[in-house]
Amino acid sequence: MSTAQSWAFLVGGAVLLLAPSVALLAGWRPSFLAGSRAPVPLLGAAGLCGYGTVVVTAIPQVLGASTGVRTTCAYVGLGLMGTAVGLFLVYDFLAGAYRRGRK
């Protein structure tokens, strides 16, 4: 991956992941989630983990780090992405419970 591609991932991630995730954590609810009682900030936290993955994997590329550092950062990014998937699954489980009227 070239330096230009790494910068594109950072900028694209900031626009597509970071801004909406911070807005969700701050309490904003998009119109399609307005009637839901599910904990929407979980989606924001999942988005921040996704953006963290972008940052952790792209910064070593931009800085030209060694292969060992890139590999370690890739594993950290994999952990962050697993956390994001876990948070999304928890949100989906809780949203399903609210849709069924259990809570």
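Calculation criteria
Residues numbered from 1 in each chain as written. Predicted model: local features only at pLDDT ≥ 70, side-chain atom pairs only at ≥ 80, totals over all residues. Heavy atoms only, no water. Core = buried A, V, L, I, M, F, W, Y, C linked by side-chain atoms within 4.5 Å. Buried < 20%, exposed > 50% of the residue type's maximum accessible area, 1.4 Å probe, protein only. Helix = DSSP H or I, 4+ residues; strand = E, 2+ residues; numbered from the N terminus. Contact = heavy atoms within 4.5 Å. Expected span 1.5 Å × (residues − 1).

**Quick word on the nonpolar core**
- By size, the foremost hydrophobic cluster in this structure holds eight residues: Leu24, Leu33, Ala38, Val40, Leu42, Leu43, Tyr91 and Ala95.
- The set of elements that each furnish at least two residues to this core consists of α2 (41–63) and α3 (67–100).
- When sequence neighbours within four positions are dropped, the list of residues in contact with leucine 33 reads Val40, Leu43 and Tyr91.

**Description of α2**
- Across its 23 residues, α2 extends 33 Å between first and last C-alpha, which sits within 8% of the 33 Å expected from 1.5 Å per residue.
- After α2 finishes, the residue glycine 64 shows a positive phi value of roughly 70°.

**Digging into the environment of tyrosine 91**
- Following the sequence through the fold, tyrosine 91 ends up in helix α3.
- You can call tyrosine 91 buried: its relative accessible area is 8%.
- Counting along the chain gives 48 residues from tyrosine 91 to leucine 43, while the straight-line C-alpha distance between them is 7.0 Å.
- If we ignore the near neighbours within four places in the chain, the residues touching tyrosine 91 are Leu33, Ser36, Ala38, Pro39, Val40, Leu42 and Leu43.

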